[in-house]
Amino acid sequence: MQFDLKKSDRKATLDAILERLEGYYDDTAKFPVSPDIDVKEIKAFINEQSLQSGGNYAAAIESVFKGLEEYAVHTPHPKYFGLFNPRPNFAGIISELIAAYYNPQLAAWSHAPFAVEVETKIIKEFANLFGYSNDKSDGVFCSGGNEANQTAVLCALNHKYPDFARNGLLGTKKRPIIFCSKEAHHSVHKAAKTAGLGYNSVIPIPVDEDLKLDAAELSIALDNCRKNNTDPLMIIGTAGTTGTGAIDDLEGISKIAKNHNIWFHVDAAYGGAAILSHTLKNQLKGIEYSNSITFDAHKWMSVPMGTSIFITSDTDILGRTFSISTQYMPKDAEKLEIKDPFSHSIQWSRRFIGLKVYLSLLFYGWDGYDDIISHQAHMGELLRKKLSQNGWTIMNNTALPVICFTDEKHGKDENFTKTILEKIYQSQKSWISIYPVKNINTFRACITNYNTAENDLDELVSELNNERKKYLK
Ligand SMILES: *Cc1c(COP(=O)(O)O)cnc(C)c1O
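Residues numbered from 1 in each chain as written. Predicted model: local features only at pLDDT ≥ 70, side-chain atom pairs only at ≥ 80, totals over all residues. Heavy atoms only, no water.

## Structural notes on the site of the ligand
Of all residues adjacent to the ligand, which total 14 residues, the nearest are G145, D267, D296, H298 and K299. Side-chain polar atom of D267 to a nitrogen atom of the ligand: 2.6 Å apart, as the coordinates give it. In this structure, an oxygen atom belonging to the ligand sits 2.9 Å away from a side-chain N or O atom of K299. In isolation the ligand exposes 380 Å². Once the protein is present, 84% of that is buried. (Near = heavy atom within 4 Å. Polar contact = N/O pair within 3.5 Å; in protein donor to acceptor, adjacent residues only side chain to side chain. Areas by Shrake-Rupley, 256 points an atom, 1.4 Å probe, with all protein chains shown as cover.)

## A short note on the nonpolar core
Ranked by internal contacts, the top residues of the largest apolar core, which has 64 residues, are F126, F130, F179, L218 and I235. Setting aside its immediate chain neighbours within four residues, F179 contacts I203, I205, L218, A221, L222, C225, P232, M234, I235 and I236. V188, A195, M234 and I317 belong to the second-largest nonpolar core, a separate cluster that totals 28 residues. (Core = buried A, V, L, I, M, F, W, Y, C linked by side-chain atoms within 4.5 Å. Buried < 20%, exposed > 50% of the residue type's maximum accessible area, 1.4 Å probe, protein only. Contact = heavy atoms within 4.5 Å.)

## Considering the sheet that holds strand β5 (residues 263–267)
Picture the strands of a sheet paired through backbone hydrogen bonds; they go either parallel or antiparallel. In space, the seven strands of this open sheet follow the order β1-β7-β6-β5-β4-β2-β3, with mixed pairing throughout. Only two strands of the sheet have a single neighbouring strand rather than two, namely β1 (138–142) and β3 (202–205). Taking the axes of each pair of neighbouring strands and ignoring which way they run, one obtains an average angle of 20 degrees across the sheet. Pairing geometry for β1 and strand β7 (residues 308–312), over five bridges, is antiparallel. The residue bridging D138 from the neighbouring strand is T312, located in β7. (Pairing = 2+ DSSP bridges. Helix = DSSP H or I, 4+ residues; strand = E, 2+ residues; numbered from the N terminus. Axes fitted to C-alpha atoms, helices over the stretch in contact; angles between N-to-C directions.)

## So, the pattern of salt bridges
As enumerated under the stated definition, the model contains 19 salt bridges in all. With its nearest N and O atoms 2.8 Å apart, the salt bridge here joins E459 to K79. Pair noted here: E459 is in helix α15 (residues 454–472) and K79 is in the loop between α3 (57–70) and α4 (90–102), with a separation of 380 residues, a long-range link. With a relative accessible area of 38%, E459 lands in the partly exposed category. On the basis of relative accessible area, K79 is assigned to the buried category, the value being 8%. K386 serves as the salt-bridge partner of E454, at 2.7 Å between the closest nitrogen and oxygen. Remark: K386 occurs in helix α13 (residues 355–389) and E454 occurs in helix α15; sequence separation between them is 68 residues. Via salt bridges that share partners, R20, E62 and E69 belong to a single interconnected network. (Salt bridge = Lys/Arg side-chain N within 4 Å of Asp/Glu carboxyl O.)

## Here we look at the sheet that holds strand β10 (residues 433–437)
The four strands are arranged β8-β9-β11-β10 in an open sheet whose pairing can be described as antiparallel. Edge positions in the sheet fall to β8 (393–394) and β10, since each has one partner strand and no second. Where strand β9 (residues 402–406) lies against strand β11 (residues 440–446), four bridges are found, and the strand directions are antiparallel. In the strand pairing of β11, F405 is matched with F443. Together, β10 and β11 form the strand contacts of helix α14 (residues 414–427), whose direction differs from that of β11 by roughly 30 degrees.

## A look at the side chain of S374
Structurally, the position occupied by S374 is in helix α13. A polar atom in the side chain of S374 sits 2.7 Å from the backbone oxygen of D370. Apart from residues lying up to four places away in sequence, S374 is in contact with S277, H278, T279 and Y369.

## Concerning the packing of aromatic side chains
Inspection of the entire model under this criterion finds 21 aromatic pairs. Ring plane angle 35 degrees and centroid distance 5.3 Å describe the contact between F126 and F295, whose orientation is recorded as tilted. Linking F126 in helix α5 (residues 113–129) with F295 in strand β6 (residues 292–296), this pair joins segments that are 169 residues apart in sequence. For the residue pair F126 and F295, the accessibility class agrees, reading buried in each case. Summarising the aromatic geometry, the rings of F130 and F295 are spaced 5.9 Å apart at their centres and angled 70 degrees between planes, so their arrangement reads as edge-to-face. With F130 in the loop between α5 and β1 and F295 in strand β6, this pair connects stretches of sequence that are 165 residues apart. When sorted by exposure, F130 lands in the same class as F295, which is buried. (Phe/Tyr/Trp six-rings, centres within 6.5 Å; stacked < 30°, edge-to-face > 60°.)

## A word on the packing of α5 against α13
The contact between α5 and α13 brings their axes to 10 Å, and the two run at 55 degrees. What the angle tells us is that α5 and α13 run oblique. Where α5 abuts α13, its residues F114, V118, I122, E125, F126 and L129 lie against V357, Y358, L361 and W366. Partitioned by chemical class, the residues of the contact of α5 with α13 number nine nonpolar, no polar and one charged. (Parallel < 35°, antiparallel > 145°, perpendicular 65-115°, else oblique. Nonpolar A, V, L, I, M, F, W, Y, C, P; charged D, E, K, R; others polar.)

By themselves, these are just geometric observations and shouldn't be taken as functional.
Shown next as structure tokens:
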């Protein structure tokens, strides 16, 4: 069996897949945005494929294309108004292919110095953008916001308890407490679970009218913490909540964190990209005072999945949290002014995650990102306006393109939102989600696609209007 295949078979395969992939990229809008899901049918389809002897390349590839085209929500579709899953940009896509061909191993600097240095450079650039000083920042690429938030919790533990690396939680006398808003992402709970804290260590703080963490409530919770003989570990502010795009008062929270001398992490998984837009960047005021930041490039920077950045203003903490010395790993880093990613991260063997961001910047530049992020924010404004003009009530307040809305007269009717949403899914023309705001199940639409244009918004609004009319008849 020739794993490389014959050169002619490789060429035929590449030609065939490029044609198919390019067809999908050009004509994404022609696909039904969400399919009917029939688990039995999908499992049967997968089971039909023989894994025994291989050899039929064309059939193999065809079965994968069929699976991906028929049995998936088409998140790259311009009328997917969904959950921060972008249409992947072209530079990001080809980065995946390039990284796979060369397959550099980024665990140790000396195996892939170019790749590691590219990632180091990109992390510095983002640290500077977010307002950390040049010589006082560090960071690492992660698989996603979940890993980055988990990294933050582990760093906060190692920061607070100097003995943590050796004795873990057994060395702490009181329960460490994580504070975040009720609207924070549940990866915070997951991080608490997997760090050995348990999610009882997370105290969700109520939110104010604008769905931002309520600072007064945070101060009360911190006081209670001392009374209960627990130990405040960290405060997590969210810059762009998953549900409603709310941005916590980062400056205000940073002062509280400073007064209590605890770690301040900002989960900017989605909203961090606002820093790239000249019209939005002031929304992130105060992020520069944080100790660490989570930023997902695989959301609003539109690179393919598996690309997040963890940044910290503490230059020692990643090493203290993750370094391990081994007999067998290359030791060059000890002599040079460099860091080995494996001793700096939850991951060991690592792929060239950062190439997707680097090549995107080489292709489009910061200027291109300024345009596209500002464009998407503008589409969000337009959608808000169109919805209001058509009798829908906007229930959230954010400059980011996340819109939660209802019909004031019918929002309390439980069937209203559910029925209309079902109809929209059945029509397979658009995809929006549902999210509770102030005890009302609202529709939630987010501009996740840089190609979404005004006519896509009009089609969504008109579909919503029609379904509302039919429901009320
Ligand atoms: C998406 C998201 C996460 C989780 O990130 P993944 O990349 O999905 O792992 C965490 N926090 C916020 C605010 C998010 O929007």
